[in-house]
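# Topology and contacts: notes
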Amino acid sequence: MLLWLTAFTIAQFLECQVTARPNIVLIVADDLDLELNGTFPLSKTRKLIAGQGANFTNMYVTNPLSCPSRASILSGMYPHNHRVINNSVQGGCSDHNWRQLEKLTLGSLLQKESYTTCFVGSYLDEYGLSNASGGYYVPLGWSSWKALVGKSAYYNYKVFDNGEIKVHDDQYAADYFTDYVVSW
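A few points on the structure. (Residues numbered from 1 in each chain as written. Predicted model: local features only at pLDDT ≥ 70, side-chain atom pairs only at ≥ 80, totals over all residues. Heavy atoms only, no water.)

### Considering the overall build of the protein chain
The secondary structure content of the protein chain amounts to 7 helices and 4 strands. Mapped in sequence order, the helices and strands of the protein chain form the string α-α-α-α-α-α-β-β-β-β-α. Out of the 184 residues in the protein chain, the part that is buried amounts to 33%. Residue pairs at least 24 apart in sequence account for 45% of intrachain contacts in the protein chain once pairs closer than 6 positions are excluded. With the model as given, the accessible surface of the protein chain reaches about 12400 Å², and the carbon-plus-sulfur share is 58%. (Helix = DSSP H or I, 4+ residues; strand = E, 2+ residues; numbered from the N terminus. Buried < 20%, exposed > 50% of the residue type's maximum accessible area, 1.4 Å probe, protein only. Contact = heavy atoms within 4.5 Å. Areas by Shrake-Rupley, 256 points an atom, 1.4 Å probe, with all protein chains shown as cover.)

### Let's talk about helix α3 (residues 66-75)
Here α3 lies mainly inside the structure; 9 of its 10 residues are buried. For α3, the secondary structure elements touched by its buried residues are α4 (79-82), α5 (96-101) and α6 (106-112). Two residues or fewer after α3 comes Gly 76, characterised by a positive phi angle close to 75°.

### Remarks on the pairing of strand β2 (residues 144-148)
The buried count for β2 comes to 5 of 5 residues, which makes it a mostly enclosed element. Across 4 bridges, strand β1 (residues 118-121) lies against β2 in parallel orientation. In the sheet register, Gly 121 faces β2, and the bridge partner there is Ala 147. Relative to strand β3 (residues 157-161), β2 runs antiparallel, the two being bridged by 3 bridges. Bridge pairing links Leu 148 to Val 159 in β3. (Pairing = 2+ DSSP bridges.)

### Describing the pattern of salt bridges
What the rule picks out here adds up to 4 salt bridges. Residue Asp 125 is joined to Arg 70 by a salt bridge in which the shortest nitrogen-to-oxygen separation is 3.2 Å. With a gap of 55 residues between them, Asp 125 in the loop between β1 and β2 and Arg 70 in helix α3 connect regions that are remote in the sequence. On the accessibility criterion, Asp 125 (6% relative accessible area) is buried. For Asp 161, the salt bridge is made with Lys 146, and the minimal N-O distance between the two is 2.4 Å. Of this pair, Asp 161 sits in strand β3 while Lys 146 sits in strand β2, and the two are 15 residues apart along the sequence. Side by side, Asp 161 and Lys 146 carry an identical accessibility label, which is buried. In the salt-bridge network here, residues are joined through shared partners; they are Lys 146, Asp 161 and Lys 166. (Salt bridge = Lys/Arg side-chain N within 4 Å of Asp/Glu carboxyl O.)

### Topic: unusual backbone geometry
Its identity is not glycine, yet Arg 83 carries a phi of approximately 70°, on the positive side. Inspection of the secondary structure puts Arg 83 in the loop between α4 and α5. Owing to a relative accessible area of 56%, Arg 83 belongs among the exposed residues under this scheme. With a phi close to 70°, Ser 114 is a non-glycine residue in the positive phi region. Positionally, Ser 114 belongs in the loop between α6 and β1. Classification of Ser 114 as exposed rests on a relative accessible area of 59%.

In structure tokens form, the structure reads like this:
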């Protein structure tokens, strides 16, 4: 009986290990220059996240520019491997090569593991522009998609919202995206 109870307990433990998956939230922010006190607007975020136990005191980046940095975070590759070297299409930002790598990004890998994925905010600076590869599209791996078209703007911006272009004239971008993330 003790052997059976031990085996049953181990089986239950293993079942819990397999079914209890963590939620994953990745927050990527731009322009947090220490010299300019760029993290000041994130004091509430810091309190909510670091106050609950997650605090990262050392920060590193593969490249200080938006596109190469985001491409590295999404792909797990260094810029010399994903070939996004600056914020232009000529520099790999939203070009044909990047489109080929999208099947290997974080969203794709998580979706293969049956996660529901959501992307909100600034993807790659040239995303959705006519000179970029593919124009408007939802990249592989994202169940829900709300991405800025082109470079970031606080007002008068476009969002590619799950297959539909939405124009936001006077709505502050940070409020729009925050409201969506909270409701998601």
